[in-house]
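The primary structure of each chain is shown beneath.
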Amino acid sequence: MKTHSLAAIAAACAIIAAPAQAADYPNQAITLVVPFSAGGGADNAARILAQGMEAVSGQPVVVENKAGANGSIGAGYVARAKPDGYTVLYDASSFALNPVLRKLPYDPAKDFIPVSQAVVVPNILVVAPESPFQTLGDLIQAAKEKPGEYTYASYGPGSLAQMAAELLKKDAGIEMVHVPYKGGAPAMVDVMAGHVGSYFANAASSLNYVSNGRLRALAVTSEKRMPELPDVPTVAESGIEGFSVYEWNGLFVPGGTPAEVIQKLHGIIEETLARPDVIEKLKGLGLTPVGSNPSEFGQFLKDEEGRWKEVVQANNITLD
């Protein structure tokens, strides 16, 4: 009688089990890992998406924050997770920025599979209500008169908030001091309190504070004015021609996740982003739903990384 090694038996069982597991996906809770602090733009959007995904999938969808190192700590955690579709990275623009700015404990191209770009959102240049600056022009003029005296916040070194400010510095010919925080929420708190001068805040996290007067908006980074802030000009309208910066959020699974699971997860995301209640909540934060497929999102990521690599090199941007 022939005997089989345990390894051979395990391999055969895995081949049989994988399609079966994919066929009934999802049959347990899904965790969305947000690699930023609670209360920030990505976190707010992820929680709206999670509620919608629960309604579509019939399974709990839990948001778990693992902040630090411009998103790379949370991303590294997901890269090491079991590739079964139940641990999903909900990342932002930093996913494309990190590879051109720092050495990473994972390979974005090999350790992750893009599932869908979820939303896009412009940034809002905000200051405290008591700030002497009423317009972006006021800020630029003051910074020219006193180079290096004024500060700007970001949610971490290498974040898109820093990139937007560095682009403004270059294009406007001014100098300001970077004050990095460990997330968008603490950065916003210090801007409101006047401890730091300005901040290119994610609209998803700052729009409510602008609306209720706790922050003053000087400009938005989109090509056109935001419908939610029709009286706030764009950066381009404020004299910095061609300036346009958007943040985005997207979902990734660990490398090795079965294609059928990815297809089903994408279907859940696509259906979620088409729900009227989800659209209304996202638009209330200034977010535009996308829902691209894995192939489209993958190409978008390549383009983004190439764009920011050029910006980093041209502006000699280095991490603090």
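J.: Any chance you could explain the overall build of the protein here in plain terms?
T.: Along the protein, the regular secondary structure elements total 12 helices and 10 strands. Rg of the C-alpha trace for the protein: 21 Å, near the compact-globule value of 20 Å for 320 residues, within the 12% margin. Put simply, of all contacts in the protein between residues at least 6 apart along the chain, 78% involve residues at least 24 apart.

J.: Sorry, what's going on with the packing of helix α2 (residues 41-57) against helix α10 (residues 259-273) here?
T.: When two helices pack together, their arrangement is given by the angle between their axes and by how far apart the axes lie. Packing of α2 against α10 leaves a shortest axis separation of 9 Å and a crossing angle of 110 degrees. Put simply, α2 runs roughly perpendicular to α10. Regarding α2 and α10, the two cross each other, and that crossing is right-handed. Of the residues in α10, those touching α2 at L49, G52, M53, V56 and S57 are L265, I268, I269, E271, T272 and L273.

J.: What is the right way to read the pairing of strand β9 (residues 246-254) from this model?
T.: Along any regular strand, the residues point their side chains to alternate faces of the sheet. Within β9, 8 of the 9 residues are buried, which leaves it mostly tucked inside the rest of the structure. Bridge count between strand β4 (residues 112-127) and β9: 9 bridges; the pairing is antiparallel. Bridging across to β9, P122 finds its partner in Y246.

J.: Got a minute to help me understand the pattern of salt bridges in this structure?
T.: Pairing between side chains of opposite charge can happen when their charged atoms approach one another. In the structure shown here, the tally under the stated rule is 8 salt bridges. Note that E304 is salt-bridged to R307, the shortest N-O span being 3.9 Å. Here E304 and its partner R307 are both found in helix α12 (residues 294-315), 3 residues apart, which amounts to about one turn of the helix. On the basis of relative accessible area, R307 is assigned to the partly exposed category, the value being 32%.

J.: Please explain the nonpolar core as it appears in this structure.
T.: Note on soluble globular proteins: their nonpolar side chains tend to be buried together. In this structure, Y90, I124, L168, Y199 and L251 are the most contacted members of the largest nonpolar core, which totals 90 residues. In this structure, Y199 is in contact with I124, L125, V126, A153, S154, Y155, A161, G184, A187, M188 and V191, ignoring residues within four places of it in sequence. Counting residues in hydrophobic clusters, the runner-up holds 13 residues, among them A96, Y106, W248 and F297.

J.: Can you help me understand empty space enclosed by the protein in this one?
T.: Remark: the empty space left among the atoms is shown by a probe the size of a water molecule rolled over them. Applying the stated criterion across every chain, the model contains 1 cavity of 30 Å³ or more. Taken together, 14 residues make up the lining of the largest cavity; nearest its centre are F36, G40, G41, A42 and Y155. Among the elements that take part in the lining of the largest cavity, α2 stands out by supplying 3 residues, more than any other. Of the residues that constitute the lining of the largest cavity, the class distribution is 5 nonpolar, 7 polar and 2 charged.

J.: How do you make sense of the side chain of N123 when you look at a structure like this?
T.: With respect to the helices, strands and loops of the structure, N123 is situated in strand β4. A polar atom in the side chain of N123 sits 3.0 Å from the backbone oxygen of F200. Residues contacting N123, with those up to four places away along its chain left out, are L160, F200, A201, N202, A203, A219, V220, T221, V245, Y246 and E247.

J.: I tried to follow the pairing of strand β6 (residues 177-180) on my own but got confused; where do I start?
T.: Bridging between strand β5 (residues 151-154) and β6 involves 4 bridges; their strand directions are parallel. Across the sheet, S154 pairs through a bridge with P180, a residue of β6. With helix α7 (residues 160-172) bridging β5 and the parallel β6, this β-α-β connection has right-handed handedness.

J.: How should the environment of N123 be read in this particular structure?
T.: When its relative accessible area of 0% is taken as the criterion, N123 is described as buried. There is a polar contact of 2.7 Å between the side chain of N123 and the side chain of E247.

J.: Looking at this structure, how should I read the packing of aromatic side chains?
T.: Pairs of aromatic rings are described using the distance from one ring centre to the other and the angle between the two planes. This model, assessed by the stated rule, comprises 12 aromatic pairs. Joined through ring pairs, the aromatic side chains of F95, Y106, F112, W248, F252, F297 and F300 make up one cluster.

J.: Just checking my understanding: could you explain the confidence of the model for the protein for this structure?
T.: Reading predicted coordinates in detail is not appropriate for stretches of low pLDDT. Summing up the model confidence of the protein, the mean pLDDT is 91 and the portion of residues at 70 or higher is 93%. Counting interchain partners and residues more than four positions distant, the pLDDT-below-50 stretch residues 12-17 has 0 contacts.

Reading guide: rules and limits
- Residues numbered from 1 in each chain as written.
- Predicted model: local features only at pLDDT ≥ 70, side-chain atom pairs only at ≥ 80, totals over all residues.
- Heavy atoms only, no water.
- Helix = DSSP H or I, 4+ residues; strand = E, 2+ residues; numbered from the N terminus.
- Rg over C-alpha atoms; globule rule 2.2 N^0.38 Å.
- Contact = heavy atoms within 4.5 Å.
- Axes fitted to C-alpha atoms, helices over the stretch in contact; angles between N-to-C directions.
- Parallel < 35°, antiparallel > 145°, perpendicular 65-115°, else oblique.
- Left-handed = near helix turned anticlockwise from the far one by under 90°.
- Buried < 20%, exposed > 50% of the residue type's maximum accessible area, 1.4 Å probe, protein only.
- Pairing = 2+ DSSP bridges.
- Salt bridge = Lys/Arg side-chain N within 4 Å of Asp/Glu carboxyl O.
- Core = buried A, V, L, I, M, F, W, Y, C linked by side-chain atoms within 4.5 Å.
- 1 Å grid on protein atoms, 1.4 Å probe; cavity = no way out; pocket = protein on both sides within 12 Å on 5 of 7 lines; lining within 4 Å.
- Points joined across faces, edges and corners; volume = space filled by probe spheres on them.
- Nonpolar A, V, L, I, M, F, W, Y, C, P; charged D, E, K, R; others polar.
- Polar contact = N/O pair within 3.5 Å; in protein donor to acceptor, adjacent residues only side chain to side chain.
- Right-handed = clockwise from strand over helix to strand, strands pointing away.
- Phe/Tyr/Trp six-rings, centres within 6.5 Å; stacked < 30°, edge-to-face > 60°.
- pLDDT = per-residue confidence, 0-100.

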